[in-house]
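# Descriptive structure summary
These are the residues of each chain, in order.
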Amino acid sequence: MRMMAILAAVVGGVMAWAMAGCGGGDAGSAGTQAAGTVKIGFIVKQPEEPWFQREWRFADETGAKQGFTVIHEQGQDGEKVSSAIQNLATEGAKGFVICAPDVKLGPAILAQAKTYGMKVIAVDDQLVGPKGEPLAGVPYLGIEAKKIGELVGKTLWEQMQARGWTAADTALCAVTYEELPTAKDRTDGAIDALVAAGLPQGRVFKAPISRSDQEQANTATTNLLTQHPGVKHWLICGMNDSVVMGAVRAMEAKGLKAGDVVGVGINGDKVAIDELKRPGETGFFGSVLLSARQHGSDTVEMMYKWIKEGTEPKMDTRTSGVVINRANYQQVLKEQGVE
Ligand code: GLA
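Residues numbered from 1 in each chain as written. Predicted model: local features only at pLDDT ≥ 70, side-chain atom pairs only at ≥ 80, totals over all residues. Heavy atoms only, no water.

## Looking at the pattern of salt bridges
Working definition: two side chains of opposite charge can pair if their charged atoms are close together. Considering all chains together, one arrives at 15 salt bridges under this definition. The residue Lys154 makes a salt bridge to Glu158 at a minimum N-O spacing of 3.4 Å. Here Glu158 and Lys154 lie together in helix 5 (residues 145–162), a separation of four residues that amounts to about one turn. For Asp169, the salt bridge identified is with Lys232, shortest N-O distance 3.8 Å. Of this pair, Asp169 sits in the loop between helix 5 and strand 7 (170–176) while Lys232 sits in the loop between helix 7 (214–227) and strand 9 (233–237), and the two are 63 residues apart along the sequence. (Salt bridge = Lys/Arg side-chain N within 4 Å of Asp/Glu carboxyl O. Helix = DSSP H or I, 4+ residues; strand = E, 2+ residues; numbered from the N terminus.)

What follows is the structure, given as structure tokens:
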């Protein structure tokens, strides 16, 4: 009997070791941690996006400071999310923070986490239940999407006025991803603010995409431009910097001049900053800088307290943003300790 138990323990140990080795999990602050340290997973839908790399970095920093380990996992689709969760279980994680590739995976993600006794916090994209409602039992930290969208709209309107553009000559290219609530709220906010300020509803044109992707935004915008060749000046909004950048590049490719295009992104990530650093104006006017620090750091801290002390996180936390452009970005980034 004793022999069997030892054998099982050895086999179990070897399996755990083998699975951890080939699973691709990347422990942000592992190595110096003692055994028994709390491990927290951080699964993201687009690991190549600068926004998610920033979140990971701030999560790691908080883990290193407070003495827990953050394990990075990639979740570009449902299958990858499922193997990431399995991996985390093998590594002994007691919970994870996730920005899922599809918010409708919510119930499946929660069910799988429960089988391993893991807690779940959603970041950026709120997981939803079968009727599209926020998934019960999963705390969420995301942006005040509608307000941030309104800030984009207000900035676009100010630029339109400053350039003396008339509504007859100007139109809005809204790159929309309406299946994702936080994306829809952002573009709805921008459209509402512009229409409230005086842009006729008939000057709002949507270029729909089905995921947050520069390439898709580029194609959708190219199609939109073909449908509306008479527009002289374009305003652009979209769910984040990559999407707005895709639209700006499509306009450039169609021969529109930088002075005839005003795009305002969201995130203030590397995509936006690199563009603002380029000499001369481009159609990418600015962005709303969000706090990747808060998203990465606060979510893992909430998870840590939940695991360690049983303190349940607040169910819904929203963060705000500030407009950055060529004139102020260096100052704002410095103030926020971003770069
Ligand atoms: C979504 C977007 C990201 C970023 C976050 C902010 O997940 O895909 O680029 O804007 O929201 O919460």
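## Concerning the packing of helix 8 (residues 241–253) against helix 9 (residues 270–277)
At a minimum axis distance of 8 Å, the contact between helix 8 and helix 9 shows a crossing angle of 45 degrees. The orientation of helix 8 relative to helix 9 falls into the category oblique. Across the interface between the two elements, Asp241, Ser242, Met245 and Arg249 of helix 8 pack against Val271, Ala272 and Glu275 of helix 9. (Axes fitted to C-alpha atoms, helices over the stretch in contact; angles between N-to-C directions. Parallel < 35°, antiparallel > 145°, perpendicular 65-115°, else oblique. Contact = heavy atoms within 4.5 Å.)

## With respect to helix 9
Among the residues making up helix 9, those that are buried are Val271, Ala272, Ile273, Glu275 and Leu276. Buried-residue contacts for helix 9 involve helix 2 (50–66), helix 8, strand 11 (284–289), strand 13 (322–325) and helix 11 (329–335). Regarding helix 9, its N-cap is Asp269, as a side-chain oxygen of that residue lies 3.0 Å from the backbone nitrogen of Val271 further along. (Buried < 20%, exposed > 50% of the residue type's maximum accessible area, 1.4 Å probe, protein only. Polar contact = N/O pair within 3.5 Å; in protein donor to acceptor, adjacent residues only side chain to side chain.)

All we've got here are geometric facts, nothing functional implied.
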